[in-house]
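Residue strings, one per chain:
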Amino acid sequence: MGTVVACSLAVGYACGSFLAAELVSRHVSGGSAFDVGRGNPGMANMGAVYGSRWAAVTLAGDVAKTILAFALARALFSNAADAAGAAAAVGATLGHVFPAWHRFRGGKGVATTCSGVILMTPVAGGVAAVAGLLVVLFGGYLCLGALAIPAVWLVIELAGGDAMHAIAGAALVAVAVWCHGGPAAGIRTGETPRASISGKFLSALFKDSR
């Protein structure tokens, strides 16, 4: 089992290290995703710099690489498909966040984490994704939603007694804290900006409720 997990992590890491945002940025402007906007090679930064069309392309790329990693690992190790898929999903997020080719500085891993938990457990993953969205809409901060997704999924898997998924969930929570713990701490000091989608949503909600 150790060989399956290690190899699947490697497959996931290799796929995850491909940053869709870098390809998008090079195509649109010729510059690196790390050198535009906030320097984050993710959907939000690409959307802010190049518009919603390229944000969608970036998101699609990040989701696709997670699906590819998951499918490849399960196909390679069909005798232990569940463990292989879980390891590959975690590996995809690790590759996205810590790409070796860029001195282990990558994106924030929200899309890969969300895709991974849905691939592993569609129902529980879907619940976690919705929970993360609700946290952003009502809590007002993207970082809180990013932390909520793996945390909610971990709680569900712990409650269900799935040790393999619990380990994967713990790893994803640790990565999320690494990426989003700082911004979350910055909420108290006012350093972290509120998500614009939250303000628009709440304004529309309260307007409709009058």
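Look up a bit, the structure's there.
Our subject in this report is the structure included herewith. It should be emphasised that the depicted structure is a prediction, and the values quoted were computed from it without experimental measurement.

**What about the state of the cysteines?**
Part 1 of the reasoning: Enumeration over the complete set of coordinates arrives at 0 disulfides.
Part 2 of the reasoning: Counting only cysteine sulfurs, Cys-15 is the nearest neighbor of Cys-7, a cysteine outside any disulfide, at a range of 14 Å.
Part 3 of the reasoning: Sulfur of Cys-179: no disulfide; nearest cysteine sulfur belongs to Cys-143 and is 12 Å away.

**Topic: helix H4 (residues 52-76)**
Part 1 of the reasoning: For H4, with 25 residues, the first-to-last C-alpha span of 36 Å sits near the 36 Å given by 1.5 Å per residue.
Part 2 of the reasoning: Considered for burial, the residues of H4 that qualify are Trp-54, Ala-55, Thr-58, Gly-61, Asp-62, Lys-65, Thr-66, Ala-69, Phe-70 and Ala-73.
Part 3 of the reasoning: Residues of H4 that are buried sit in contact with helix H1 (2-16), helix H2 (20-28), helix H3 (43-50), helix H5 (81-97) and helix H6 (110-120).

**Considerations on a nonpolar patch on the surface**
Part 1 of the reasoning: On the surface, Leu-68, Leu-72 and Leu-76 cluster together to form a nonpolar patch covering roughly 280 Å² of accessible area.
Part 2 of the reasoning: If you trace the backbone, Leu-76 turns up in helix H4.
Part 3 of the reasoning: For Leu-76, a relative accessible area of 55% gives the class exposed.

**Considerations on the packing of H1 against H4**
Part 1 of the reasoning: Contact geometry of H1 with H4 gives a least axis separation of 9 Å together with a crossing angle of 155°. Judged by the angle between their axes, H1 and H4 are roughly antiparallel. The handedness of the crossing between H1 and H4 comes out as right-handed. For the pair H1 and H4, contact is made by Ser-8, Val-11, Gly-12, Cys-15 and Gly-16 and by Lys-65, Leu-68, Ala-69, Leu-72, Ala-73 and Leu-76, respectively.
Part 2 of the reasoning: Looking at the contact of H1 with H4, its residues break down into 7 nonpolar, 3 polar and 1 charged.

**Side note on the pattern of salt bridges**
Opposite charge on two side chains permits pairing when their charged atoms draw close.
Part 1 of the reasoning: All chains considered together, the criterion is met by 3 salt bridges.
Part 2 of the reasoning: A salt bridge links Asp-62 to Lys-65, with the shortest nitrogen-to-oxygen separation between them at 3.4 Å. Of the two residues, Asp-62 and Lys-65 both sit in helix H4, 3 residues apart, roughly one turn of that helix. For the pair Asp-62 and Lys-65, one class covers both residues: buried.
Part 3 of the reasoning: The shortest N-O distance in the salt bridge between Asp-82 and Arg-74 comes to 3.2 Å.

**Section: unusual backbone geometry**
Part 1 of the reasoning: Of note, the phi angle at Arg-103 is positive, near 55°, even though the residue is not glycine.
Part 2 of the reasoning: Following the sequence through the fold, Arg-103 ends up in the loop between H5 and H6.
Part 3 of the reasoning: Phi at Phe-104 takes a positive value of approximately 60°, unusual for a residue other than glycine.
Part 4 of the reasoning: Here Phe-104 shows up in the loop between H5 and H6.

How each quantity is defined
Residues numbered from 1 in each chain as written. Predicted model: local features only at pLDDT ≥ 70, side-chain atom pairs only at ≥ 80, totals over all residues. Heavy atoms only, no water. Disulfide = S-S within 2.5 Å. Helix = DSSP H or I, 4+ residues; strand = E, 2+ residues; numbered from the N terminus. Expected span 1.5 Å × (residues − 1). Buried < 20%, exposed > 50% of the residue type's maximum accessible area, 1.4 Å probe, protein only. Contact = heavy atoms within 4.5 Å. Patch = residues over 30% accessible without salt bridge, like charges linked within 9 Å, V, L, I, M, F, W, Y side chains within 5 Å. Areas by Shrake-Rupley, 256 points an atom, 1.4 Å probe, with all protein chains shown as cover. Salt bridge = Lys/Arg side-chain N within 4 Å of Asp/Glu carboxyl O. Axes fitted to C-alpha atoms, helices over the stretch in contact; angles between N-to-C directions. Parallel < 35°, antiparallel > 145°, perpendicular 65-115°, else oblique. Left-handed = near helix turned anticlockwise from the far one by under 90°. Nonpolar A, V, L, I, M, F, W, Y, C, P; charged D, E, K, R; others polar.

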